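# A structural walkthrough
Chain by chain, the residues run as shown.
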Amino acid sequence: MTDYRRLAQDGLWSNNMVFAQMLALCPVMAVTSTATNGLGMGLATLFVLLGANMIISTIRHFISPAIRIPVYIVIIATLVTLTDMLINAFAYELYKVLGLFIALIVVNCAILGRAEAFASRNTLWDSIVDSLMMGIGLTWALVMIGGVREVIGSGTLFANAHLLLGAPFAFLEITVIPDYRGFLIMVLPPGGFIAVGFLLVAKRWIDRRGEQRQRRLASEPDSQQHQPSH
Amino acid sequence: MKAPIHGPHAHSESHLPVMMYQVLLALTPATLYGFWLYGWPAFNLWLVCLSSALVWEAVFLRLFNKPVKTHLFDGSALVTGWLLALCLPPWAPWWIAVTGTFLAVAMLKQIFGGLGQNVFNPAMAARVMLLIAFPVEMTQWVTPAQQMAQRPAFSASLQQSGGQSDLLDSYSGATLLDSVKQRLAMDEPLSEILQGYDDTWLTTLLGSHAGSFGESSALLLMLGGLFLLWRGVITWQAPVGLMLGLVLPALVLNRLYPDAYPGALFHLFTGGAMLAAWFIVTDPVTAPATASGRFIFGLGCGLLAYLIRTFGSYPEGIAFAVMLMNSAVPVIDRYIRPRIYGRSSKGQPLPVQKIKTGEQP
Amino acid sequence: MLISVMPLTFLGLILGLLLGIASRILKVERSSIVEDIEQLLPGTQCGQCGNPSCAAAAQAVVDGELKATFCPPGGRAVAEAIAIKLGIPLDLNTLCDEGPKVARINEALCIGCTRCFKICPTDAILGSAKHMHVVFADACTACGKCEAVCPTECISLEPVQPTLQTWVWSQPAL
Amino acid sequence: MNLALMRERLEYQSLLLGLVVMVTCALLAVAYQWTREPIQQALANDMRQSFSQVLPEHLYDNDLLDYAGQIEAPWGHLTYYQASLAGDISAVVFPMQASGYAGKIDMLVAIKANGELSGVRVLVHQETPGLGDKIEVARDPWITYFTGKSLHNPLPTSWAVKKDGGEFDQFTGATITPRAIVAEIKRALLFFEAEQATLLYPVKLPGETIGVTTQMQGVEKHD
Amino acid sequence: MLWKSLRGGVHPTDYKSLSNTTPIQRFPMMERLYVSLQQHLGAPATPVVNVGDRVLKGQVLADAQGLISAPVHAPTSGRIASLAEHRAPHPSGLPVLVITLEADGRDQWILRDPIANPFSLPPESICERIGTAGIVGLGGATFPAAVKLNLSLQKGIDTLILNGGECEPYLSCDDRLMRESAKTILRGAQLICHAVQAKHAILGIEDNKPEALAIMTEAANGTGISVKAVPSGYPMGSEKQLIQQLTGIEIPAHSRAADSGILVHNVATAYAVAMAIDQGQPLISRIVTLSGGAVTHPGNWEVPLGTLASEFLNHASGFDMKPARLLMGGPMMGIELPDLHVPIIKGSSAILALTEPEISHQQSSPCVRCSRCVRACPMGLMPLEMAANIRSGDLKRANTLGLSDCVGCGACSYICPSSIPLTHLFNYAKGELILQKKAQQKLEATKILAQRREARMERQARDREALMAARRAAAAKKAAETTDSDPITQEASA
Amino acid sequence: MSDYILLLVSTALVNNVILIKFLGLCPLMGVSTKMDGALGMGLATTFVLSLAAAASWMLENWLLNPMGLQYLRILAFILVIASVVQFTEMLIRKISPPLYQILGIYLPLITTNCAVLGVALLNVQNQHSFIQSLMFGFGSAMGFTLVLVLFAGLRERLAVLQVPELYKGAPIAFIVAGLLSVAFMGFAGLA
Ligand SMILES: Cc1cc2nc3c(=O)[nH]c(=O)nc-3n(C[C@H](O)[C@H](O)[C@H](O)COP(=O)(O)O)c2cc1C
Ligand SMILES: Cc1cc2nc3c(=O)[nH]c(=O)nc-3n(C[C@H](O)[C@H](O)[C@H](O)COP(=O)(O)O)c2cc1C
Ligand SMILES: Cc1cc2nc3c(=O)[nH]c(=O)nc-3n(C[C@H](O)[C@H](O)[C@H](O)COP(=O)(O)O)c2cc1C
Ligand SMILES: Cc1cc2nc3c(=O)[nH]c(=O)nc-3n(C[C@H](O)[C@H](O)[C@H](O)CO)c2cc1C
Ligand code: SF4
Ligand code: SF4
Ligand code: SF4
Ligand code: SF4
Ligand code: FES
């Protein structure tokens, strides 16, 4: 029985693609000048990841090691091209933003990594769960980074969300700091690195707090065990 | 048992805080001149920079659980704050100063582990980041002549420093580097551009052109630098390297195309060149550790600054050049190192050399 | 349709053939355990472990130069798998180093039972039946086996005392 | 069992990769057929959308994409689009590219038949957010001030930013971007004046159709 | 000749005038002497006398043991009171075996046999004589002189360099010795030259000792020994630096001066050699500088080895004030003494009692990469990098950066404005690396032991199996013969 | 000629692949703990990038364009790049172990470096000629190597500094990368 909870925890937090594995960095940096862009990229990657994992885990028994990588890459490339065409056809505005980086999902090392590390050795269902979790993990990371950069850099959040999600989601677009002068550096290239750096610090801090609490909990049961006997 | 004390049991006189305070002393003449040149707003700026640098230092020392008292007054935060003040536009509002010292002291120094651990020059990196983040405020210059003709009152200066006045509009002017660059870009010949400034290098030496607060007087800065050199706080390699790096390409291009490229002295005495030469590239923390390494470091800073000034988008390239060379310091330190006694420069033991016999004692 | 599929299919056929041939002709023999470990690794080739490729990392972990937890992309699962495969403890930071020790036999209590003599894996104990035994400190690895078997509890592991010859400066407090 | 053995065979490997490629190619070919229309539609819509920004609705009643012409400009090959109202050419629209602070600025210029600007819009640019990006109409109305201007209003000598002694505002702390745009628009006007005859000559009679895709290179090509 | 002056180095205030103006005084014999068995580099000497024995002055108390070692002699006549552990004059403060000698006050010499015509003897016997006299290098390293001479003789020496550098601040024992015993020193030099068959001899003296320079130049006239001034600066007196200064030769890494045909000895060592050969006197006393801001009467004394430092200080001078730090040796390379209850040994060139301002020590602050240490290092190292790597635990990298080339002179620590204990870090790392190497060697040795044991166990098991099989076979045979139950068969089948 | 030099400067410095274009960040974070490794990686990337630029140009202009198959571009490029890299790796490993130590061990890493595909695609997008494509590939690789080596040097130094626990390792590396990117902005407008 596969431990789905663990898969989820790994994908979403402890083995997060960006914050723990530190892969998929190029799209992370390049398209996260706003939270909306991050969301779009995350969803596109999620789609490719899910598709690739499903296919690869289905056909894994037929593939010989010598041509393993080319086969995986071809499959991923196909999915990416599909995504590219679909976005181009049906979400042109988003396409203008994500541009080149959709094509680069192909070499997004994280996808090939997942294919090799997980899909090629696990069952279809496990692979689906894993890719979903990893993909969602990536998406929230992208949204997070985009959000931080956007708020600090220009004082808004989810600007242009309607372009991605449709007019009904225009309510997401918030101006966090009205009349903000803008801290330009955060929306420029350096801001991406700096934002990821500080978010990593935040994750580390939270992890550490968690560990401390765990340790405290671990020491408490001793005292609790004694209580019932009294 | 008490742990034994290891030798040596004698130490030289020079201690770190002394060095730092000597740097502050060396900066004083240029700063006082800056007060006179730019009036109260400049003084406010200086004050805000220094005090906010100290506050950030204290806050972050606290945050990282370091003894605040022992580190706060080692003078390094003051030097950083002071130098940052000197390279800001003289009438910059207070929040530029506070953000700048935050970037310099907290982000570029304390996060790296505090004094001595930073890899980028805090003052320069903060200046660059401010420039990129607030390009408008960071390129508003005051014309000294106008300021001295009609000094704003202290109360008005408070408003200016508070960022709530449009006083600046009536005093503003471009820096020499900026205006020369822009007019050269519009294909005006250099001789025409510099017509109003026929004694360019003399005035810049004394410093009466618009520019950053402390970069105006090349002469006073040089004086401070020579003082540091005399006290042994700095060595000559980096300053000389920087000046050569600026002067050599300027000489060559000026000789070839006198109407398109300003001469050597122009580059040497405008913008932040002198401040950088004596106080920035000499920052021990962010420079290579060997003498020849420091020369190369200075030379690189000069050449890059010239490149950026002349061919890039920014009128002043010193700060970028320093940051770029800062990032090359580990590489320099790796390849430029003293030859170890008894080893070749590659680190191999030397061949054994027999003493020559037959020589009469 | 057909025309668009053909050329690339052809390309695929050729490349597949080439790679197949290449993998056969150019095969380099490597130890099977390294290959097994490499199989376990994500194959991301990300280099975060400090090795230039997963294959090199597999070699390094087999050589004992890396901890089992070296691979960030692999996460916990891979670390566990490697630890199991190599039979090494996963959490290395639970091991604490107390400095060197050596076994010492209390002469007054030793009854000469020879149990310690028999069990010592490095032959560090000298002595004969019914006579006092001594530890040859240079050979003792402080494994503690003799301490466990001694019926009179006369063996103890004691920190090695420095002498003028072996004393070294300790790390300065900074 | 069998599979494991077979996987080691050369032909298997070659065929497998070939097969995978074939299947994926086929899949993509289908997808391509399916999305080609929508993609072109999206592109065309995007362009129409841009046209509508530089041309007031009352100025034309045709689909500009159907009225594209080619001309050699001093700076290279140019595709232009004619707007017509009730069969008369009322304006031409063509792309221009200015060299801004951080790179090329792609814009669309619409000039009425009488030489007046009908509108200018910036399509793609990399200017600094908060500074140069005020040329986007979404951020600042600056670019709309060109509407109605022509080579006579103001006179060519005043086609410059105020800092250079001209008519047009610059942005505080960012002169380079507006300067580039003003210069480029002036160039467009001068070009229009010189090539008026060609540009205003109808590229086709009503009812004729020309494929859209081949004509859009002029505008499509921005990165 | 114009050699490049000392590379790197520092110029500490030298304080030599505190002690170099008065002549060397003879220190009186104390009632009890504590003669350490470890007064030299290498294995400690093994005692050859028993508690209660009466000994004469100059009699051997303990003999050299092993390849690198030196004997120890009685500094005066008297009775062996005890052989016990006593705190060593060593930074660790660990105990060392010490022979306590109760002086009888008669100071009666054992029979001395000076060599009448040493130059007619083969060099080997001169070396042997120097060895039995217990002479060790008096320049600080206390390396047994005979060992060094023998090895040098085998390598072939061209030039003897006498080290009169004395670059450490405060120290003036060599200075005074050169002024007062120039002839003896030169005689010693000639003897050493003969012992290693050297053709030339050079005496290098720092130019901050003009009197010694003048006296030695004068005395050397006609001896064929050249006396040369070298620029003063710390560590000019270090072997490698002095050789480079005087001859221009750089001793390659991992090689010794002897490989280049050079032998370096301290002037006091030469003096001791002359005394041993010409007078038959073993090394039983040495010149010790007593100095420092806290000392009332600084000066130089000839002190019998084994005199307690506390007695030396009390009788010779006393304190002006409470000293901040007590040292044996110079302030740069010397060691801190936790207390003065330790004996003077052959390597004790000085006892210093320093005041706080003289030490000028501060709480250390972070390295600001000022690179003064790089400029100061005479070996061309980058102390700041080595220290940073050691602090972050990367000793191996520190070693590749040149830790093994560091002579431990302390110039870097002296100059560091952040008061970082650089030399301490280096010595810690050097020690740690040695320990690691030893542990590695031990691991390999035990691995072999374990394998051997395993093989033995297997063999024994096989033997036992064979034995059992044989017995079983025998038993079966027997059982076939007699149906009676037999204790042996029972045992075998059990 | 000067056009080509400008193209080189522009791709190596002004539009640096890593810091400005954001391509190839994973190896930047991964293989930059040691300067030697960074140099090796840079050399190997230079090799592959140039090769990929040439191969993809030929593919585009001789196969995809004539047959109107532009929509298969990503697939064709990556297929060829991956195969070529894998093939080169095996070849080098077999024929020259020393070269393999210098270059080969980094090759598998490069397949998944998006700079390679990114540069190939940019070449097509910018309609570069064959020579221009090669120059573009080479210049990008030089820029990549430069940044990788500088960054590795900085990280080597960071490793021995007293960086606060929370910031040690990856976080401070990212912040330094950000500052490096700030510094590279200084090259703006050079070409
Ligand atoms: C980070 C940064 C970004 C800039 N971006 C632009 C820009 O997008 N457009 C522009 O015209 N000037 C920009 N500038 C300003 C120019 O460097 C130059 O100073 C300015 O255009 C001169 O205009 P002024 O004369 O109005 O000050 C920028 C400056 C910096 C520091
Ligand atoms: C840093 C340093 C400084 C030294 N200074 C002196 C010195 O001033 N005088 C001296 O005789 N030996 C000094 N030595 C010791 C010499 O290197 C060398 O060991 C000695 O001269 C050899 O003579 P010896 O064997 O007679 O002691 C110093 C060594 C070092 C490492
Ligand atoms: C052949 C030979 C071997 C030596 N071996 C050692 C040795 O193992 N350890 C040692 O400290 N000195 C040894 N020495 C003496 C050194 O060369 C040097 O004189 C001594 O270390 C003291 O020098 P210093 O005080 O300058 O460090 C040896 C000398 C010779 C000629
Ligand atoms: C000669 C000298 C020059 C200095 N220059 C700078 C400088 O340019 N920028 C700066 O932030 N600090 C400077 N400092 C102060 C100090 O080195 C700086 O705070 C460290 O970089 C922080 O670790 C200087 C200090 C000295 C002694
Ligand atoms: S086990 Fe104890 S009693 Fe027996 S031999 Fe060992 S030490 Fe002696
Ligand atoms: S501790 Fe281990 S190695 Fe040491 S004596 Fe005992 S059994 Fe032998
Ligand atoms: S002298 Fe001290 S502060 Fe200066 S570089 Fe060396 S170790 Fe650092
Ligand atoms: S102690 Fe070592 S590192 Fe320091 S100056 Fe002396 S030789 Fe150089
Ligand atoms: S995503 Fe670009 S290299 Fe990993």
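Scroll up to find the structure this text is about.
My aim in this report is to walk through the structure given alongside it, one point at a time. Since the structure is predicted, the reported quantities are computational estimates derived from the model, not experimental observations. (Residues numbered from 1 in each chain as written. Chains lettered and ligands numbered in written order. Predicted model: local features only at pLDDT ≥ 70, side-chain atom pairs only at ≥ 80, totals over all residues. Heavy atoms only, no water.)

Further remarks concern the overall build of chain B. A count of helical and extended segments in chain B gives 17 helices and two strands. For chain B, the C-alpha radius of gyration of 23 Å lies close to 21 Å, the compact-globule estimate for 361 residues. In terms of principal-axis extent, the alpha carbons of chain B reach across some 80 × 60 × 35 Å. Within the structure as shown, chain B displays about 13900 Å² of accessible surface, and the carbon and sulfur contribution to it stands at 66%. Looking at chain B, you have 20 positive and 18 negative side-chain charges, and the mean spots of the two groups are 20 Å apart. (Helix = DSSP H or I, 4+ residues; strand = E, 2+ residues; numbered from the N terminus. Rg over C-alpha atoms; globule rule 2.2 N^0.38 Å. Areas by Shrake-Rupley, 256 points an atom, 1.4 Å probe, with all protein chains shown as cover. Lys, Arg positive; Asp, Glu negative; His and termini not counted. Charge placed at Lys NZ, Arg CZ, Asp CG, Glu CD.)

Next up on the list: the site of ligand 3. Residue and element names in this part refer to chain E. The environment of ligand 3 is made up of Leu-41, Ala-141, Phe-143, Lys-148, Leu-151, Ser-152, Glu-239, Arg-256 and Ala-258. The side chain of Arg-256 places a nitrogen or oxygen atom 3.4 Å from a nitrogen atom of ligand 3. Summarising the interface, the protein chains cover 67% of the accessible area of ligand 3, which totals 610 Å² for the free molecule. (Near = heavy atom within 4 Å. Polar contact = N/O pair within 3.5 Å; in protein donor to acceptor, adjacent residues only side chain to side chain.)

Among the 14 residues in the neighbourhood of ligand 8, the closest are listed as Cys-377, Cys-406, Cys-409, Gly-410 and Cys-412 of chain E. Every element with two or more residues in the shell around ligand 8 is listed here: helix H13 (411-415) and helix H14 (422-481) of chain E.

Moving on, we get to the interface of chain B and chain E. The parts lose accessible area when they come together, and the size of an interface is often stated as this lost area. Counting residues at the interface gives 51 residues for chain B and 71 residues for chain E. Summed over both sides, the interface of chain B with chain E buries roughly 5200 Å², with 53% coming from carbon and sulfur. Among the residues of chain B in contact with chain E, His-9, Tyr-341 and Ile-355 of chain B are the three that bury the most area, contributing 18% of the side total. Inspection of the chain B/chain E interface yields four salt bridges. Salt-bridge contacts for Arg-369 of chain E lead to Asp-333 of chain B; the nearest nitrogen and oxygen are separated by 2.8 Å. On the surface where chain B and chain E come into contact, there are 30 residue pairs in polar contact (both at pLDDT 80 or more). Of the residues belonging to the side of chain B that touches chain E, the class tally is 24 nonpolar, 18 polar and nine charged. (Contact = heavy atoms within 4.5 Å. Buried area = accessible area lost by both parts, 1.4 Å probe. Salt bridge = Lys/Arg side-chain N within 4 Å of Asp/Glu carboxyl O. Nonpolar A, V, L, I, M, F, W, Y, C, P; charged D, E, K, R; others polar.)

Time to look at the nonpolar core. In a soluble, globular protein the nonpolar side chains are often hidden away together inside. In this structure, Phe-120 and Phe-279 of chain B together with Leu-117 of chain F are the most contacted members of the largest nonpolar core, which totals 268 residues. If one sorts the elements of this core by residue count, helix H4 (residues 68-90) of chain A sits on top with 13 residues. The contact partners of Phe-279 of chain B, leaving out residues within four places of it in the chain, are Val-23, Ala-26, Leu-27, Leu-83, Leu-221, Gly-224, Gly-225 and Leu-228 of chain B. If you look at the next biggest cluster of nonpolar residues, it comprises 51 residues, including Leu-246, Val-264, Leu-403 and Cys-416 of chain E. (Core = buried A, V, L, I, M, F, W, Y, C linked by side-chain atoms within 4.5 Å. Buried < 20%, exposed > 50% of the residue type's maximum accessible area, 1.4 Å probe, protein only.)

Let us look at the pairing of strand E9 (residues 159-164) of chain E. All names here are of chain E. Within E9, six of the six residues are buried, leaving the element largely enclosed by the surrounding structure. Neither face of E9 is left uncovered, since the one carrying Thr-159, Ile-161 and Asn-163 and the one carrying Leu-160, Leu-162 and Gly-164 both have all their residues buried. Across six bridges, the pairing between E9 and strand E10 (residues 200-206) is parallel. Bridging across to E10, Ile-161 finds its partner in Ile-202. Judged from the five bridges that link them, E9 and strand E12 (residues 262-266) form a sheet pairing that is parallel. Bridging across to E12, Thr-159 finds its partner in Ile-262. (Pairing = 2+ DSSP bridges.)

Moving on, we get to the packing of aromatic side chains. Tallied over the entire structure, the rule returns 40 aromatic pairs over all chains. Between Trp-40 of chain B and Phe-43 of chain B, the aromatic rings sit 5.7 Å apart at their centres with planes inclined by 85 degrees, giving edge-to-face as the arrangement. Of this pair, Trp-40 of chain B and Phe-43 of chain B both sit in helix H2 (residues 40-63), separated by three residues, roughly a single helical turn. A relative accessible area of 41% means that Trp-40 of chain B is categorised as partly exposed. The class for Phe-43 of chain B is partly exposed, based on a relative accessible area of 26%. The structure contains a cluster of three or more aromatic residues connected by ring pairs, namely Phe-198 of chain A, Trp-56, Phe-60, Phe-64 and Phe-102 of chain B together with Tyr-167 of chain F. For Arg-231 of chain B, the ring lying beneath its charged end belongs to Trp-230 of chain B, and the centroid distance is 5.0 Å. (Phe/Tyr/Trp six-rings, centres within 6.5 Å; stacked < 30°, edge-to-face > 60°. Lys NZ or Arg CZ within 6 Å of the ring centre and 35° of its normal.)

All told, the structure shown has 37 salt bridges over all chains when counted by the stated rule. Here Asp-405 of chain E makes a salt bridge to Arg-343 of chain B, at a shortest N to O gap of 2.6 Å. Here the residue Asp-405 of chain E occupies a position in the loop between helix H12 (395-400) and H13, and Arg-343 of chain B occupies one in the segment after helix H17 (318-335), the pair thus bridging two chains. Taken individually, Asp-405 of chain E and Arg-343 of chain B each receive the classification buried, so the pair is uniform in this respect. Through salt bridges that share partners, Arg-334 of chain B together with Asp-36 and Glu-156 of chain F make up one connected network.

A separate point is empty space enclosed by the protein. Summed over all chains, the structure comprises eight cavities of 30 Å³ or more. Considering only enclosed or pocket space, the largest cavity measures out at about 380 Å³ in volume. For the largest cavity, the lining is made up of 28 residues, of which Met-20, Val-79, Thr-282, Asp-283 and Pro-284 of chain B are closest to its centre. Contributions of two or more residues to the lining of the largest cavity are made by helix H1 (16-38), helix H4 (76-86), helix H6 (122-133) and helix H15 (273-280) of chain B together with helix H10 (372-376) of chain E. A total of four residues in the lining of the largest cavity trace back to one element, the largest contributor, which is H4 of chain B. For the lining of the largest cavity, a count of residues per class yields 16 nonpolar, seven polar and five charged. (1 Å grid on protein atoms, 1.4 Å probe; cavity = no way out; pocket = protein on both sides within 12 Å on 5 of 7 lines; lining within 4 Å. Points joined across faces, edges and corners; volume = space filled by probe spheres on them.)

It is worth spelling out the arrangement of the chains at this point. Once contacts are tallied for each of the 13 pairs of chains in contact, the highest total is for chains B and E. Regarding chain A and chain E, which are not in contact, the minimum distance between any of their C-alpha atoms is 21 Å. Across all C-alpha pairs, the smallest distance from chain D to chain E is 37 Å, and the two are not in contact.

In any sheet, the strands associate via hydrogen bonds between backbone groups, in a parallel or an antiparallel arrangement. Residue and element names in this part refer to chain E. Read from one edge to the other, the open sheet built from four strands follows the order E11-E10-E9-E12, with strand pairing classed as parallel. Each edge of the sheet is formed by a strand with only one pairing partner; in this case those strands are strand E11 (225-230) and E12. Averaged over all pairs of adjacent strands, the angle between strand axes in this sheet comes to 25 degrees, irrespective of strand direction. Where helix H4 (residues 182-196) meets the sheet, its contacts fall on E9, E10, E11 and E12, and the angle it forms with E9 comes to roughly 145 degrees. Each of E10 and E11 is contacted by helix H5 (residues 210-220), which is oriented at about 165 degrees to E11, the strand it contacts most. (Axes fitted to C-alpha atoms, helices over the stretch in contact; angles between N-to-C directions.)

For the rest of this paragraph, the subject is helix H9 (residues 176-185) of chain B. When H9 of chain B is considered as a whole, its buried residues turn out to be Leu-176, Leu-177, Asp-178, Ser-179, Val-180 and Lys-181 of chain B. Note on H9 of chain B: the residue one or two positions beyond its end, Asp-187 of chain B, has a positive phi of about 65 degrees.

A few words on a nonpolar patch on the surface. The grouping of Trp-236, Val-240, Leu-244, Leu-248, Leu-251, Val-252, Leu-256 and Tyr-257 of chain B at the surface amounts to a nonpolar patch, some 760 Å² of accessible area in total. The class for Leu-256 of chain B is exposed, based on a relative accessible area of 55%. (Patch = residues over 30% accessible without salt bridge, like charges linked within 9 Å, V, L, I, M, F, W, Y side chains within 5 Å.)

What follows deals with the sheet that holds strand E13 (residues 285-291) of chain E. All names here are of chain E. The six strands lie next to each other as E1-E14-E13-E17-E15-E16, forming an open sheet whose pairing is mixed. Looking at the sheet topology across the chains shown, the edges are occupied by strand E1 (25-26) and strand E16 (335-336). Relative to strand E14 (residues 299-304), E1 is paired through two bridges, and the arrangement is parallel. Following the sheet pairing, Gln-25 is matched in E14 by Trp-301. Against the sheet, helix H3 (residues 173-180) engages E13 and E14, with an angle of about 125 degrees to E13. Packing against the sheet, helix H8 (residues 309-316) makes contact with E13, E14 and strand E17 (350-354), and its axis sits at approximately 60 degrees to E13.

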